Structures are given as structure tokens and as C-alpha cells.
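What follows is the residue order along each chain.
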Amino acid sequence: MKIFDFSKEAGKHITRFDSDFVMSRILLTDKPANIGCMHLDKDGIIGYHQAVVPQLLLVVSGEGFVRGEDDAIYPIKAGEAAFWVKDEFHETTTKTGLTAIVIESETLDPASFMNTDVTSV
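A quick note: this is a predicted structure, and the numbers were derived from the prediction, not measured.

## Considering the side chain of Ser105
- As for its position among the elements, Ser105 is in the loop between strand S10 (98-104) and strand S11 (116-120).
- With a relative accessible area of 2%, Ser105 lands in the buried category.
- Of note is the side chain of Ser105, whose polar atom sits 2.8 Å from the backbone oxygen of Pro32.
- Every residue in contact with Ser105, bar those within four places of it in the chain, is listed here: Thr29, Lys31, Pro32, Ala33, Val53 and Pro54.

## Here we look at the packing of aromatic side chains
- Inspection of the entire model under this criterion finds one aromatic pair.
- Ring centres 5.5 Å apart and planes at 25° place the aromatic pair Tyr48 and Phe89 in the stacked group. Remark: Phe89 occurs in strand S9 (residues 89-93) and Tyr48 occurs in strand S5 (residues 45-50); sequence separation between them is 41 residues.
- For Phe89, a relative accessible area of 29% gives the class partly exposed.
- Residue placement shows Arg67 over the ring face of Tyr48; its charged tip is 4.0 Å from the ring centre.

## Thoughts on the pattern of salt bridges
- Inspection of every chain in the model, using the stated rule, returns three salt bridges.
- Between Arg67 and Glu91 there is a salt bridge, and its shortest N-O distance comes to 2.9 Å. With Arg67 in strand S6 (residues 55-67) and Glu91 in strand S9, this residue pair connects regions lying 24 residues apart in the sequence.
- For Arg67, a relative accessible area of 18% puts it in the buried group.

## Side note on the pairing of S10
- Within S10, five of the seven residues are buried, which leaves it mostly tucked inside the rest of the structure.
- Here seven bridges tie strand S4 (residues 34-40) to S10, and the two strands are oriented antiparallel to one another. The residue of S10 that forms the bridge with Leu40 is Leu98.
- Pairing between S6 and S10: seven bridges, direction antiparallel. Residue Gln55 lies in a different strand from S10, and its bridge partner there is Glu104.

## Regarding the confidence of the model for the protein chain
- Looking at the protein chain as a whole, its pLDDT mean stands at 87, while 93% of the residues score no less than 70.
- Taking the mean pLDDT of every element in the protein chain, the minimum, 52, falls on S11 and the maximum, 96, on S6.

## Structural notes on the environment of Lys95
- The residue Lys95 is located in the loop between S9 and S10 in this model.
- C-alpha of Lys95 to C-alpha of Pro75: the two residues are 20 residues apart in sequence and 11 Å apart in space.
- Ignoring any residue separated from it by four or fewer positions in sequence, one finds Lys95 in contact with Lys42, Asp43 and Phe65.

Procedures and definitions
Residues numbered from 1 in each chain as written. Predicted model: local features only at pLDDT ≥ 70, side-chain atom pairs only at ≥ 80, totals over all residues. Heavy atoms only, no water. Helix = DSSP H or I, 4+ residues; strand = E, 2+ residues; numbered from the N terminus. Buried < 20%, exposed > 50% of the residue type's maximum accessible area, 1.4 Å probe, protein only. Polar contact = N/O pair within 3.5 Å; in protein donor to acceptor, adjacent residues only side chain to side chain. Contact = heavy atoms within 4.5 Å. Phe/Tyr/Trp six-rings, centres within 6.5 Å; stacked < 30°, edge-to-face > 60°. Lys NZ or Arg CZ within 6 Å of the ring centre and 35° of its normal. Salt bridge = Lys/Arg side-chain N within 4 Å of Asp/Glu carboxyl O. Pairing = 2+ DSSP bridges. pLDDT = per-residue confidence, 0-100.

Rendered as C-alpha cells:
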């Protein structure tokens, strides 16, 4: 499992076309991708299961915990993303609630596109 940073601080200030915003790059895929939004309430859980394809979980609000096959539990918060490879067992939990965007695709490689690899676990 890898944890990435897509917070405002990891982004790039864009001024082209008279713009004024920060863009945090996430990924580029050349094959179809399934994108969804997951809403976990207080004490919510995405149970321990095997990833059918590579999966990127981007926490957009709240905080929680993720784990991969090593069974270590890692905190995750808004602006961070967890990445699991195909066939990797994983789980996401929260005590207070969180909302996350999940992207699943055969060709996900966020390390080639995101600015910061916070940790490899």
C-alpha cells in the first residue's frame, strides 16, 4: 500500500487563461476507469477484501484508517490517498466519518502522476 498527498499544499498554482487556483494532480489513465464516491458514517467500514483491480481511495473529507496486507493500520485524512495494487487485501475504517472518491482501473499508476509519495507501506 502507498499513501499519497493531494492536498492544496501538494498542488501547483495555475494562472493560465487569467485563472487563479491550485491543481493537485491525481492520475491519468489510458483504459476505462470506474469512479465512485463513498460515504462512511461514524464507525463506518469498508470491510477487508481483495482488490479486483488497482484501486485509489482519495479522502476528500473526514479521517479514518487504512490497512493493507501487512495488517498495520495507518491514519488517513482529507487530502491523502491510499493506493492498493490488484489482488491486495485492504480495509478502510473511520471513527468519525469520511467521504472518499474511489478510482479503479487496470492501469492506475498514481506514482507516475501525483506530486508526492508520502509513504510506501
